[in-house]
Amino acid sequence: MAGRLKDRVAVVVGAGSCGPGWGNGKAAAVLYAREGARVFCVDIDSKAAEETRDIIIKEGNMAASYTADVSRGNQVEAMVNACLSAFDRIDILHNNVGIVEHGGVVETTEDSWDHVLSVNLKSIFLTCKHVLPHMEKAGKGAVINISSTAGVRHMGTKYCSYTSTKAAIIQLTRDIAMNYARSGIRANTIIPGVIHTPLVEQFYGGYSQQERERMIAYRNDQIPMGRMGDAWDVAHASLFLVSDEARYITGTEIVVDGGLIAKCL
Ligand code: NAP
């Protein structure tokens, strides 16, 4: 089924990737474009946003790139206006941005807590605040927010600010879904599990090849399906939720984790 997003405009926030390869946001942006959407690729890193835009254009599809720190209200407002100037409308809002800072409540500094909450959670409040009125005027729209299994289970890592934001994203999305259900706007959350992306590769960067292989084998082994997911697994679930095939689905979550949270950890 091709052309599932024909005539739609998608804003993908965090459309770049932090390193070579396929990140969740980059894969979603490219997949939406393959299905016919014009994609507004937003990232704090201009080069990363441009790289995704160029991949889309090279494949013969339509995209523009834009640089913004989406934890800042004025930059989000300007981003929305820029998308409307470029493409006239916004049908899909995909919030992919998420950062990790390690530590439990005692080790985490107040600045770190505030930073992670701003980037991971306030950014979604801000993008929705500025995009929803336009979707409401159009009488339709779809929002995807990217959470994590760390928002619903303890994953064995100390990163309390990250887990708190990922849990809050689920309820914020339900709140949006309930408030806009009668306006033709759907909002859903994707809950990825352990996904092999450049973000993960960046983390392995400081280790020897042998250590890296040991850690990858450990991550694969944790998953009932025996392997980490990849960015396309997350992108395909997102595509389903923003397409008309999911027209009766709102205020819910799709878990993309190879069975991880169904397992008794
Ligand atoms: P990614 O490679 O880090 O891409 C995200 C992009 O967002 C990066 O280019 C990053 O730029 C950018 N960004 C960071 N802060 C920003 C801000 N304030 N404003 C605008 N852009 C900003 O990550 P990904 O693979 O696409 O996926 C990340 C999402 O998946 C996160 O929400 C994460 O929690 C979720 N997730 C990942 C996994 C996993 O195992 N990989 C599992 C569960 C959930 P910089 O590189 O310059 O920071």
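Quick notes on the rules
- Residues numbered from 1 in each chain as written.
- Predicted model: local features only at pLDDT ≥ 70, side-chain atom pairs only at ≥ 80, totals over all residues.
- Heavy atoms only, no water.
- Axes fitted to C-alpha atoms, helices over the stretch in contact; angles between N-to-C directions.
- Helix = DSSP H or I, 4+ residues; strand = E, 2+ residues; numbered from the N terminus.
- Parallel < 35°, antiparallel > 145°, perpendicular 65-115°, else oblique.
- Left-handed = near helix turned anticlockwise from the far one by under 90°.
- Contact = heavy atoms within 4.5 Å.
- Nonpolar A, V, L, I, M, F, W, Y, C, P; charged D, E, K, R; others polar.
- Buried < 20%, exposed > 50% of the residue type's maximum accessible area, 1.4 Å probe, protein only.
- Near = heavy atom within 4 Å.
- Polar contact = N/O pair within 3.5 Å; in protein donor to acceptor, adjacent residues only side chain to side chain.
- Areas by Shrake-Rupley, 256 points an atom, 1.4 Å probe, with all protein chains shown as cover.
- Pairing = 2+ DSSP bridges.
- Salt bridge = Lys/Arg side-chain N within 4 Å of Asp/Glu carboxyl O.

**A word on the packing of helix H4 (residues 110-138) against helix H5 (residues 160-180)**
Okay, so step 1: Running from N to C, H4 and H5 point in directions that differ by 15°, and their axes come no closer than 9 Å. When the interaxial angle is binned, H4 and H5 end up roughly parallel. Handedness of the H4/H5 crossing: right-handed. Residues Trp113, Val116, Leu117, Asn120, Leu121, Ile124, Phe125, Cys128, Leu132 and Glu136 of H4 lie in contact with H5, whose contacting residues are Cys160, Ser161, Tyr162, Ser164, Thr165, Lys166, Ala168, Ile169, Leu172, Ile176 and Tyr180.
Okay, so step 2: In terms of residue class, the contact of H4 with H5 is made up of 15 nonpolar, four polar and two charged.

**Section: unusual backbone geometry**
Okay, so step 1: Within the chain, Asp7 stands out as a residue other than glycine whose phi angle is a positive 70°.
Okay, so step 2: Looking at the element boundaries, Asp7 is found in the segment before strand E1 (9-13).
Okay, so step 3: With a phi angle near 80°, Asp88 is a residue other than glycine that sits in the positive phi range.
Okay, so step 4: Relative to the elements of secondary structure, Asp88 occurs in the loop between helix H3 (73-87) and strand E4 (92-95).
Okay, so step 5: Judged by its relative accessible area of 66%, Asp88 falls in the exposed class.

**Describing the site of the ligand**
Okay, so step 1: In the vicinity of the ligand lie 29 residues, with Asn24, Asp43, Asn96, Tyr162 and Lys166 positioned nearest.
Okay, so step 2: A distance of 3.1 Å separates a nitrogen atom of the ligand from a polar backbone atom of Ile44.
Okay, so step 3: Lys166 has a polar side-chain atom sitting 2.9 Å from an oxygen atom of the ligand.
Okay, so step 4: Coverage of the ligand by the protein chains reaches 90% of its 910 Å² of free accessible surface.

**Considerations on the sheet that holds strand E6 (residues 185-192)**
Sheets are built from strands that pair by backbone hydrogen bonding, the pairs being arranged parallel or antiparallel.
Okay, so step 1: One open sheet accounts for seven strands, arranged E3-E2-E1-E4-E5-E6-E7; its pairing is parallel. The sheet is open, and its two edges are formed by strand E3 (63-67) and strand E7 (253-256), each paired on a single side. Between one strand and the next, the sheet's axes are offset by a mean angle of 15°, whatever the strand orientation.
Okay, so step 2: The pairing of E4 with strand E5 (residues 141-146) spans four bridges and is classified as parallel. Note on E5: the bridge partner recorded for Leu93 is Val143.
Okay, so step 3: Where H4 meets the sheet, it contacts E1, E4, E5 and E6, and its direction lies at approximately 175° from that of E4.
Okay, so step 4: In the packing of helix H8 (residues 231-242) onto the sheet, contacts are made with E4, E5, E6 and E7, and the angle to E6 comes to roughly 165°.

**Side note on the side chain of His130**
Okay, so step 1: The residue His130 is located in helix H4 in this model.
Okay, so step 2: Residue class for His130 comes out buried when judged on its relative accessible area of 18%.
Okay, so step 3: If sequence neighbours within four positions are ignored, His130 has contacts with Gly73, Val76, Glu77 and Val80.

**Focus: the pattern of salt bridges**
Side-chain pairing between opposite charges can occur once the charged atoms of the two side chains come close.
Okay, so step 1: Applying the stated criterion across every chain, the model contains 13 salt bridges.
Okay, so step 2: In this structure, the salt-bridge partner of Lys6 is Asp7, at a minimum N-O distance of 3.7 Å. The burial state of Lys6 is the same as that of Asp7; both residues are exposed.
Okay, so step 3: Across the pair Asp91 and Arg89 runs a salt bridge whose closest N-O atoms are separated by 2.6 Å.
Okay, so step 4: Residue Asp91 is classed as buried on the basis of its relative accessible area, which comes to 4%.
Okay, so step 5: Each of Arg4, Glu35 and Glu245 takes part in a single network of salt bridges with overlapping partners.

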